Amino acid sequence: MTVRSRDALLVVDVQRDFLPGGALAVPRGGEVIAPLNVWLDLFARRGLPVFATRDWHPPRHCSFRAQGGPWPEHCVAGSPGAAFAEALRLPPGTAVVSKAVTEEHDAYSGFDGTDLEERLRRADVRRVLIGGLAAEYCVSATARDALARGFEASVLAEAVRALSEAAGRRALEELAERGAVVLGREVAAS
């Protein structure tokens, strides 16, 4: 794949709570870090924009089981679990996009309730290359929304992991059917 001048790298939710040992761990989630670091280094060398989304929940977020949601408490704003993975080499100038920041609204997509679209347009981005966690949730929702907003989207399958291997595979197939380029078809989960 050739990286172009109007590309941006979009790293989705590579946070400690989604890694092994975290509150909502994606099986083998740490495996996305090494391939993402290769892409991060490439984009930094080329001076191309990098965006990193993160869940940044208030303590009583609607997605938490204690509030009637489906998930355990995770990625509470400012907590150690909400931090990006220590080994992830986000370059200086990475644009951080916080999502699901109010108690009453959940968001899987990096576009939902954020200024990501405006920031991409200001940077004159045409295509986003996407990797991160988890394939069938936040990665898929972000890629779908990128396509719906007129961006080209390429999913870096080597840099994506899923909570469920079957659901992750289906998500990548559906993205390809919608027009995303899926680089490599494998998505791993245990």
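Everything in this summary refers to the structure shown in the same document. Computed from a prediction, not measured in an experiment: that's the story for all the values here. (Residues numbered from 1 in each chain as written. Predicted model: local features only at pLDDT ≥ 70, side-chain atom pairs only at ≥ 80, totals over all residues. Heavy atoms only, no water.)

## Considerations on the sheet that holds strand β5 (residues 152-161)
Step number 1: Overall, parallel pairing links the six strands, which are arranged β3-β2-β1-β4-β5-β6 in an open sheet. Unpaired on one side and paired on the other, β3 (95-99) and β6 (181-183) mark the two borders of the sheet. Each neighbouring strand pair of the sheet contributes to a mean axis angle of 25°, computed without reference to strand direction.
Step number 2: Where strand β2 (residues 50-55) and β3 come together, five bridges link them in parallel fashion. The partner of Asp55 across the bridge, within β3, is Lys99.
Step number 3: Across the face of the sheet, helix α1 (residues 33-46) comes into contact with β1 (7-12), β2, β4 (127-133) and β5 while running at roughly 145° to β1. (Pairing = 2+ DSSP bridges. Helix = DSSP H or I, 4+ residues; strand = E, 2+ residues; numbered from the N terminus. Axes fitted to C-alpha atoms, helices over the stretch in contact; angles between N-to-C directions. Contact = heavy atoms within 4.5 Å.)

## Describing the packing of helix α3 (residues 135-148) against helix α4 (residues 165-178)
Step number 1: Where α3 meets α4, the axes come as close as 9 Å, and the angle between the chain directions of the two elements is 5°. Overall, the two elements α3 and α4 adopt an arrangement that is roughly parallel. Contacts between α3 and α4 involve Ala135, Glu136, Ser140, Ala143, Arg144 and Leu147 from the former and Ala167, Gly168, Ala171, Leu175 and Arg178 from the latter.
Step number 2: Taken together, the residues that form the contact of α3 with α4 break down as six nonpolar, two polar and three charged. (Parallel < 35°, antiparallel > 145°, perpendicular 65-115°, else oblique. Nonpolar A, V, L, I, M, F, W, Y, C, P; charged D, E, K, R; others polar.)

## What to know about α3
Step number 1: Among the residues of α3, those classed as buried are Ala135, Glu136, Cys138, Val139, Ser140, Ala141, Thr142, Ala143 and Ala146.
Step number 2: Residues of α3 that are buried make contact with β1, β3, β4, β5 and α4.
Step number 3: One or two positions beyond α3, positive phi appears at Gly150, with a value near 90°. (Buried < 20%, exposed > 50% of the residue type's maximum accessible area, 1.4 Å probe, protein only.)

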